[in-house]
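Structure at a glance
Chain by chain, the residues run as shown.
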Amino acid sequence: MCDGDDCCKTLAKIILIIVNLFFFLLGLLMLAFGIAMVAAPDKVAESVFYGVDLSILGGSNFVVTGGGIFMIVLGGIVALIGAFGFFGACCENRVLLILYLIVVILILLAEIALIIFAAVFPNAFMETVKKEVKNTMIKSYSQDLQFSNNDSLYINSSYEFGYSWAATQVGAKCCGIDGPWDYANYTDASRTIQTQSGSVAIKYPLSCCKLNDGVKFPPKSSKDFFDLPGCMKGEPDTSYNKMGCYPAIESTIRQAAKIAIGIAAAIVGLEILILVFGCLLYCTLRKYSSAAI
């Protein structure tokens, strides 16, 4: 129990310094790792995607680079917020403290709204996720696996979205969001491949075609497919994956969403505690400032 304002101020100050120092250092670590991902994607990819052949990207590890940019932005925000809280508490600076409290309150309100929406309306939340994924795929997906002159497979590095989506369809043994018919909404570019004899029209992307048992992503050549000629024609239906990717991974997404809600709730609890101590320190400093005048 605190016996006076000095004790409460000291306790609040210590807690804020420790917590925000942790977030400040965490933000710097995320920032450094993000820079490394952007500066040396090949080396990071070898460590993170160990055992997965990324040569299919044609030398462009866009997955790592994109993740690095995200880490840089997120790390910078976390470090900045941590700096506001740390230096505001350490130096007893009311301006930094009020900026810190405002940012925490805004983040807290956004998180609470998202948690309530996800928990009370889980189906609506999942439909929103599904809609956004489909819209992104329709807008960004323009080329899938392609054959080179020596029958090996590759993805043109200028079509970056294709790699991650191809990996999803092969790994989950699915096609489209709701099913293969989703590709009726796409341009002809997504249903055309280049072969030694020229451009060939196909009904579904190659990543929708079934692979032989034991073949993992990425397939190396046409011999890895169960029935490539049939899949290119769209018949028989045993030559391609008929299940949509959303139904295939829905249970995983729902489980991940529950875990995310639990983690978010714990973070909200921590933020409320930080907010209480931040307000306590700010009010105490303001009281001392008024008494000094």
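Sequence order as written defines residue numbering, which begins from 1 separately in each chain. Only residues with pLDDT of at least 70 get local features here, since the model is predicted, and only at 80 or more are side-chain atom pairs given and counted; chain-wide, interface and lining totals rely on the full set of residues. To get the side-chain values, all heavy atoms of the structure are used, and hydrogens and water are removed first.

1. Considering a nonpolar patch on the surface
Spelled out, the test is: Residues qualify for a patch when their relative accessible area is over 30% and they have no salt bridge, like charges being joined within 9 Å and the nonpolar side chains of Val, Leu, Ile, Met, Phe, Trp and Tyr within 5 Å. Only the protein chains shown count as covering a residue, and every accessible area follows the Shrake-Rupley method with a 1.4 Å probe. For this analysis, a salt bridge means a side-chain nitrogen from Lys or Arg found within 4 Å of a carboxyl oxygen belonging to Asp or Glu. Going along the chain from the N terminus, every DSSP run of H or I of four or more residues is numbered as a helix, and every run of E of two or more is numbered as a strand.
Among the surface-exposed residues, Ile-112, Leu-114, Ile-116, Phe-117, Val-120 and Phe-121 lie close enough to one another that they form a single nonpolar patch of about 540 Å² accessible area. Positionally, Ile-112 belongs in helix H4 (residues 94–120).

2. Regarding the confidence of the model for the protein chain
Put simply, the rule is: A score between 0 and 100, pLDDT records how confident the predictor is in each residue. In this analysis, two residues are considered to be in contact whenever any of their non-hydrogen atoms come within 4.5 Å of each other.
Across the protein chain, the average pLDDT comes to 75, with 73% of residues at 70 or higher. At the low end of the mean pLDDT range in the protein chain sits strand S2 (residues 153–154), at 62; at the high end sits helix H1 (residues 5–39), at 84. Across residues 50–60 the pLDDT falls below 50, and counting only partners more than four positions away or on other chains, this stretch makes 22 contacts in the model.

3. Some remarks on the layout of surface pockets
Quick note on the threshold: Lining residues are those with an atom within 4 Å of a point, where the points come from a 1 Å grid over the protein atoms alone and group into cavities, where a 1.4 Å probe fits but cannot get out, or pockets, open sets with protein on both sides within 12 Å along at least five of seven lines. Grid points are joined across faces, edges and corners, and a volume is the space filled by probe spheres set on the points. Classes in brief: Ala, Val, Leu, Ile, Met, Phe, Trp, Tyr, Cys and Pro nonpolar; Asp, Glu, Lys and Arg charged; the others, Gly included, polar.
Computed from the structure, the largest pocket encloses a volume of approximately 410 Å³. If you go around the largest pocket, you meet 17 residues; those closest to its centre are Phe-23, Val-78, Ile-107, Ile-267 and Glu-271. Of all the secondary-structure elements, those providing two or more residues to the lining of the largest pocket are H1, helix H3 (62–90), H4 and helix H8 (245–292). If one sorts the elements of the lining of the largest pocket by residue count, H3 sits on top with five residues. Put simply, the second largest pocket is a space of about 320 Å³. Considering the residues around the second largest pocket, the lining is formed by 16 residues, among which Lys-173, Lys-210, Leu-211, Asn-212 and Val-215 are closest to the centre. Grouping the amino acids of the lining of the second largest pocket by side-chain chemistry returns six nonpolar, six polar and four charged.

4. Regarding the state of the cysteines
What we call a disulfide is simply a covalent bond connecting the sulfur atoms of a pair of cysteines. Threshold: What counts as a disulfide here is a pair of cysteine sulfur atoms lying within 2.5 Å. For every residue, the accessible area obtained with a 1.4 Å probe (protein chains only) is divided by the maximum for its type, and the residue is called buried under 20%, exposed over 50%, and partly exposed between those limits.
For the coordinates displayed, the defined rule picks out three disulfides. Bridging Cys-174 to Cys-245, the disulfide has an S-S length of 2.0 Å. Taking the sign of the torsion about the S-S bond as the criterion, the disulfide between Cys-174 and Cys-245, at about 85°, is right-handed. Taken together, the residues Cys-174 in the loop between helix H6 (161–171) and strand S3 (192–195) and Cys-245 in helix H8 connect sequence positions 71 residues apart. Taken individually, Cys-174 and Cys-245 each receive the classification buried, so the pair is uniform in this respect. Paired by a disulfide, Cys-175 and Cys-208 hold their sulfur atoms 2.0 Å apart. Between Cys-175 and Cys-208, the disulfide has an S-S torsion of 80° and is therefore right-handed. Of this pair, Cys-175 sits in the loop between H6 and S3 while Cys-208 sits in the loop between strand S4 (198–201) and helix H7 (228–233), placing them 33 residues apart in sequence. Of the two residues, Cys-175 and Cys-208, neither departs from the other in class, the shared state being buried. Cysteines bonded in the protein chain are numbered consecutively along the chain; their disulfide partners then correspond to 1-6, 2-3, 4-5. There is no disulfide at Cys-90, and the cysteine sulfur nearest it, in Cys-91, is 4.9 Å away.

5. Here we look at the environment of Val-95
For Val-95, the position within the fold is in helix H4. The class for Val-95 is exposed, based on a relative accessible area of 56%. Considering only alpha carbons, one finds Val-95 and Tyr-282, 187 residues apart in sequence, at a separation of 9.4 Å.

6. Describing the packing of aromatic side chains
Defined as follows: A pair of Phe, Tyr and Trp rings is counted when the ring centres sit within 6.5 Å of each other, with Trp represented by its six-membered ring. The angle between the planes then sorts it: under 30 degrees is stacked, over 60 is edge-to-face, the rest tilted.
Per the stated rule, a full pass over the model turns up three aromatic pairs. With a centroid separation of 5.0 Å and an interplanar angle of 80°, the aromatic rings of Phe-86 and Phe-87 are classed as edge-to-face. Taken together, the ring pairs in this structure connect Phe-24, Phe-86 and Phe-87 into an aromatic cluster.

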